[in-house]
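Spelled out, the chains give:
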Protein chains: 2
Amino acid sequence: MNSMFSHYNCEEASELNAVKSCSFYKKKQSIFLAGSSPRGVYCLNEGKVKVFSLGENGKEHIVHIAKEGEIIGFRAMLSGDPYEVSAETLEDCNICFIAKEDFLNMLDGNVKLRQNVMQSLSKELNIRTKLLTNMAQKSVRERLAFSLIFLDKVYQDEEAINLSREDLANFIGTATETIIRLLKDFKEEGLIEIHTRKLSILNHNELLRIAGE
Amino acid sequence: MNSMFSHYNCEEASELNAVKSCSFYKKKQSIFLAGSSPRGVYCLNEGKVKVFSLGENGKEHIVHIAKEGEIIGFRAMLSGDPYEVSAETLEDCNICFIAKEDFLNMLDGNVKLRQNVMQSLSKELNIRTKLLTNMAQKSVRERLAFSLIFLDKVYQDEEAINLSREDLANFIGTATETIIRLLKDFKEEGLIEIHTRKLSILNHNELLRIAGE
DNA sequence: CGATCACTTGATAATCCTCAATCCTTGTGG
DNA sequence: CCACAAGGATTGAGGATTATCAAGTGATCG
């Protein structure tokens, strides 16, 4: 079901099944809020979720967009601190919950899972660092190109990237109007296609070049 | 010696002593380079170290400034990937090296160390996320105020923050000239004191307010 | 004590934000 | 099924912030 559990054999899988509890979430439903204490982790089976923090002006900054198969919120659970970020569904979702105790028990008894968790943390740290450097050095236009390529992977199973302009702006770290203008530029340059909310990439290589990768 | 090993008892400490090898580094000496493969981790006993990545234009972005007691480079070692960042001393340093094999062995046999490593990763991820949101939403002036407070903690054992204007700019993600102008503003507002390279904070609270914390 | 490097200042231009007005889409209730 | 309301998307104007370039000045180190 999930990359982190993908090595599981039958016995382990049934152990996992015993402790997880799945439920449906509607679009725009909150999963957890920054400041609250983690009681476990969430496995995203279906749908997309945004993970974001709020600047002191109340402006949202989207730190991550999670897709099917990802585990959400285990960073805070491991450190024992309250959540620093909030999570909310972007569409209807199917999400499993695993209680902290159960997850830590599994972690204790399973070397491979432990390695996966550490690798996962390492990988996230890596991506976050990359994004930080991007944010520090690149223009909004470059960041948009980069983000479109990134989002294209997230939405690869769908027909197109499906995000509100505001969410896109909050992901890239700019104003909604700026995003709209730049998307228009990209469209006129023949790089992307726009159908209201839905964006598709026409010229991947050129976007890569603009992103400066 | 180090926060990550601070729980060590006598026996563990001697095990640690057996595998570590210490050496001196001169100012501006490279510790490791992005792209190379990690062969172990580095414990910073004395001095400061900058960890940075390079944008495709070759411009440096300082991701972290490490001080005495920190461990450097274990992210890449755990994930097994090549370094994504480079590390270089900012002043004369005393640094211990622990080979990958030895570190992983210790990790295997020591629950507490494992928890510390995970906590450490979690904490770094947290800080990196915070910085990312700052970078996305705050002006250079706000980021400078934030960074001065951050650096004040890093340099708390010294008389003052001691960084080149360029390093400061590369940490904050802006141009050197911008930093110089803003530092001048802060000085005129009575918030900081400047003695060529050395910066000290005079009005901590006002800087906090400007940083928007 | 000269040369190199860091720092500073000014002028100019590009980028991006904010505000305000308008248009379009979508969902809802009649 | 239609009309209307509400929220999202778009456009334009204007201004603030920040980058870039060029030309100094000052500090440091062999």
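Residues numbered from 1 in each chain as written. Chains lettered and ligands numbered in written order. Predicted model: local features only at pLDDT ≥ 70, side-chain atom pairs only at ≥ 80, totals over all residues. Heavy atoms only, no water.

Residue-level contacts link 35 residues of chain B with 35 residues of chain A. Taken together, both faces of the contact between chain B and chain A bury some 3,300 Å²; the carbon and sulfur share is 62%. Area buried by chain B at its contact with chain A is led by B:Met118, B:Leu125 and B:Leu132, which between them contribute 20% of it. For the pair chain B and chain A, the interface holds 0 salt bridges. If you look at where chain B meets chain A, you find 16 residue pairs in polar contact (both at pLDDT 80 or more). Those elements giving two or more residues to the side of chain B that touches chain A turn out to be β5 (60-66), α2 (74-79) and α4 (111-137) of chain B. (Contact = heavy atoms within 4.5 Å. Buried area = accessible area lost by both parts, 1.4 Å probe. Salt bridge = Lys/Arg side-chain N within 4 Å of Asp/Glu carboxyl O. Polar contact = N/O pair within 3.5 Å; in protein donor to acceptor, adjacent residues only side chain to side chain. Helix = DSSP H or I, 4+ residues; strand = E, 2+ residues; numbered from the N terminus.)

Judged by nonpolar contacts, the single largest core of 68 residues is most densely connected at A:Leu148 and B:Leu148. Grouped together as the second largest cluster of nonpolar side chains are 40 residues, A:Met4, A:Met106, B:Met77 and B:Met118 included. (Core = buried A, V, L, I, M, F, W, Y, C linked by side-chain atoms within 4.5 Å. Buried < 20%, exposed > 50% of the residue type's maximum accessible area, 1.4 Å probe, protein only.)

Before going further, it helps to spend a moment on the packing of helix α5 (residues 140-154) of chain B against helix α7 (residues 176-188) of chain B. Residues and elements named next belong to chain B. The interhelical angle for the contact between α5 and α7, taken along N-to-C directions, is 70°, at an axis separation of 10 Å. Relative to α7, the element α5 lies roughly perpendicular. For the pair α5 and α7, the contacting residues are Val140, Arg141, Leu144, Ala145 and Leu148 in the first and Thr178, Ile179, Leu182, Leu183, Asp185 and Phe186 in the second. Taken together, the residues of the contact of α5 with α7 sort by class into 8 nonpolar, 1 polar and 2 charged. (Axes fitted to C-alpha atoms, helices over the stretch in contact; angles between N-to-C directions. Parallel < 35°, antiparallel > 145°, perpendicular 65-115°, else oblique. Nonpolar A, V, L, I, M, F, W, Y, C, P; charged D, E, K, R; others polar.)

Least-squares fitting of chain B to chain A yields an RMSD of 0.0 Å, with the transformation described by 0.0 Å of translation along the axis and a rotation of 180°. Given the turn and translation reported, the copies of this chain are related as if by a two-fold rotation axis. Looking at the interface residues of chain B, 100% of them are also at the interface in chain A, so both copies use one shared face. (Least-squares fit on C-alpha atoms with pLDDT ≥ 70 in both.)

So, on to the pairing of β5(B). Two faces make up the sheet, and in a regular strand the side chains alternate between them. Residues and elements named next belong to chain B. Burial analysis of β5 places 6 of its 7 residues in the buried class, the great majority of the element. As paired elements, strand β4 (residues 49-54) and β5 share 6 bridges and run antiparallel to each other. Within β5, the residue paired with Phe52 across the bridge is Ile62. Remark: 5 residues form the turn of the hairpin made by β4 and β5, two consecutive strands paired antiparallel; Gly58 in that turn has positive phi of roughly 85°. (Pairing = 2+ DSSP bridges.)

Our focus in this paragraph is the protein's contact with DNA strand C. Around DNA strand C there are 16 residues in total, and A:Val140, A:Thr174, A:Glu177, A:Thr178 and B:Arg165 lie nearest to it. Taking all atoms of DNA strand C within 4 Å of the protein, the share assigned to sugar and phosphate is 58%. One nitrogen or oxygen atom from the side chain of A:Glu177 is found 2.9 Å from a base nitrogen belonging to DNA strand C. Listing elements by their share of the surface near DNA strand C, those giving two or more residues are α7 (176-188) of chain A together with α6 (165-172) and α7 of chain B. If you tally residues by element for the surface near DNA strand C, the top one is α7(B), at 4 residues. (Near = heavy atom within 4 Å.)

Our next topic: the protein's contact with DNA strand D. Of all residues adjacent to DNA strand D, which total 16 residues, the nearest are A:Arg165, A:Arg181, B:Val140, B:Thr174 and B:Thr178. One of the side-chain nitrogen or oxygen atoms of B:Thr174 is found 2.5 Å away from a phosphate oxygen of DNA strand D. One nitrogen or oxygen atom from the side chain of B:Arg181 is found 3.0 Å from a base oxygen belonging to DNA strand D. Among the elements of the structure, α6 (165-172) and α7 of chain A together with α7 of chain B are those that each provide at least two residues to the surface near DNA strand D. The greatest single-element share of the surface near DNA strand D, amounting to 4 residues, is contributed by α7(A). Across the surface near DNA strand D, the residue classes tally to 3 nonpolar, 4 polar and 9 charged.

Before going further, it helps to examine the packing of aromatic side chains. Counted under the stated rule, the structure contains 10 aromatic pairs over all chains. Looking at B:Lys50, its charged tip hangs above the ring of B:Phe52, at a distance of 5.5 Å from the centre. (Phe/Tyr/Trp six-rings, centres within 6.5 Å; stacked < 30°, edge-to-face > 60°. Lys NZ or Arg CZ within 6 Å of the ring centre and 35° of its normal.)

Attention shifts here to the sheet that holds strand β11 (residues 198-201) of chain B. Residues and elements named next belong to chain B. Pairing is antiparallel in the open sheet, where 3 strands are placed in the order β9-β11-β10. The open sheet has two free edges, formed respectively by β9 (161-162) and β10 (192-195), since each of these has just one partner strand. Bridge count for β9 against β11 is 2 bridges, and the pairing is antiparallel. Note that in β11 the partner of Asn162 across the bridge is Lys198. Here α7 sits on the sheet and contacts β10 and β11; the angle it forms with β10, its principal contact strand, is near 120°.

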